[in-house]
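# Structural overview for review
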Amino acid sequence: GENVEQHPSTLSVQEGDSAVIKCTYSDSASNYFPWYKQELGKGPQLIIDIRSNVGEKKDQRIAVTLNKTAKHFSLHITETQPEDSAVYFCAASKGDNFNKFYFGSGTKLNVKP
Amino acid sequence: EPEVTQTPSHQVTQMGQEVILRCVPISNHLYFYWYRQILGQKVEFLVSFYNNEISEKSEIFDDQFSVERPDGSNFTLKIRSTKLEDSAMYFCASSETGIGGETQYFGPGTRLLVL
């Protein structure tokens, strides 16, 4: 089955700096890659996703890049703010029926004011 | 914005007891999922559900687990005889049509502690 690895497990940055979180996946059939943000006491919230037919997607301060050949994808957050502090999860899906997600282990991002 | 809700937020139970975790998916969604996250581990898929049937289940989802949509709004996960290793955060999720590459929306989770 699919195996998603995520690094780093913790990341501490200064407010205003950029943060990058990386994930690799094992199954070349995976074609949908969402990123979720989980704040304390809340469920994972989708922040951005990318499908395998594109290499990059951007939404304001957040961007995701995908390298299908290398089977890795990354989350980029620019101009970080304290409210970006949370746990971030990457996931992969084959995009077939019923869409089971395979998650990475999570990255705890701490943005220091 | 519509959201998935789950109750209770926390549940403490004795080993061997039955628990029912409840979820209310987003109202126009047709596909429902349960995931769990043991402390310090990855979020793991348990089961997907569509049209009152299980669509897919993982090896974790053994005979002790069952899911049900008892009415038009609720989606439940029942653990018949809880074990210590069932202690985890359980997340419910829903998606609109279940087609490939579709976003799943997650609830806030139920933290289950089995003593």
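This one's a predicted model, so the numbers in the text were calculated from it and none came from an experiment. (Residues numbered from 1 in each chain as written. Chains lettered and ligands numbered in written order. Predicted model: local features only at pLDDT ≥ 70, side-chain atom pairs only at ≥ 80, totals over all residues. Heavy atoms only, no water.)

## Points about the layout of surface pockets
Taken as a whole, the largest pocket spans an internal volume of roughly 710 Å³. Around the largest pocket, the lining is made up of 29 residues, and of these Gln38, Leu40 and Val87 of chain A together with Gln37 and Arg111 of chain B lie nearest the centre. Of all the secondary structure elements, the ones that give two or more residues to the lining of the largest pocket are strand E9 (86-92) and strand E11 (107-112) of chain A together with strand E9 (88-95) of chain B. The element best represented in the lining of the largest pocket is E11 of chain A, accounting for four residues. Along the lines of polarity and charge, the residues of the lining of the largest pocket split into ten nonpolar, 15 polar and four charged. (1 Å grid on protein atoms, 1.4 Å probe; cavity = no way out; pocket = protein on both sides within 12 Å on 5 of 7 lines; lining within 4 Å. Points joined across faces, edges and corners; volume = space filled by probe spheres on them. Helix = DSSP H or I, 4+ residues; strand = E, 2+ residues; numbered from the N terminus. Nonpolar A, V, L, I, M, F, W, Y, C, P; charged D, E, K, R; others polar.)

## Digging into the interface of chain B and chain A
Listed per partner, the contact involves 22 residues of chain B and 25 residues of chain A. Inspection of the region where chain B meets chain A yields one salt bridge. Between glutamate 56 of chain B and lysine 100 of chain A there is a salt bridge, with its nearest N and O atoms 2.8 Å apart. Scanning the region where chain B abuts chain A turns up seven residue pairs in polar contact (both at pLDDT 80 or more). (Contact = heavy atoms within 4.5 Å. Salt bridge = Lys/Arg side-chain N within 4 Å of Asp/Glu carboxyl O. Polar contact = N/O pair within 3.5 Å; in protein donor to acceptor, adjacent residues only side chain to side chain.)

## Some details on the sheet that holds strand E7 (residues 65-68) of chain B
Residue and element names in this part refer to chain B. If you trace the four strands from one edge of the open sheet to the other, you get E1-E3-E8-E7, paired in antiparallel fashion. Edge positions in the open sheet fall to strand E1 (5-7) and E7, since each of these has one partner strand only. Adjacent strand axes in the sheet meet at a mean angle of 20°, parallel and antiparallel pairs treated alike. Inspection of the sheet shows strand E3 (residues 19-24) paired to strand E8 (residues 75-79) by five bridges, in the antiparallel sense. The partner of arginine 22 across the bridge, within E8, is threonine 76. (Pairing = 2+ DSSP bridges. Axes fitted to C-alpha atoms, helices over the stretch in contact; angles between N-to-C directions.)

## As for the state of the cysteines
What makes a disulfide is a covalent bond joining the sulfur atoms belonging to two cysteines. All told, the structure shown has two disulfides over all chains when counted by the stated rule. Paired by a disulfide, cysteine 23 of chain A and cysteine 90 of chain A hold their sulfur atoms 1.9 Å apart. When the S-S torsion is -100°, as for the bridge of cysteine 23 of chain A with cysteine 90 of chain A, the disulfide is left-handed. You can see cysteine 23 of chain A sitting in strand E3 (residues 19-25) and its partner cysteine 90 of chain A sitting in strand E9, a full 67 residues away along the chain. According to the relative accessible area criterion, cysteine 23 of chain A is buried, its value standing at 1%. A sulfur-sulfur separation of 2.0 Å characterises the disulfide bridge that pairs cysteine 23 of chain B with cysteine 92 of chain B. Taking the sign of the S-S torsion, -60° for the link of cysteine 23 of chain B and cysteine 92 of chain B, the bridge is left-handed. Placement of the pair is cysteine 23 of chain B in strand E3 and cysteine 92 of chain B in strand E9, with a sequence separation of 69 residues. (Disulfide = S-S within 2.5 Å. Buried < 20%, exposed > 50% of the residue type's maximum accessible area, 1.4 Å probe, protein only.)

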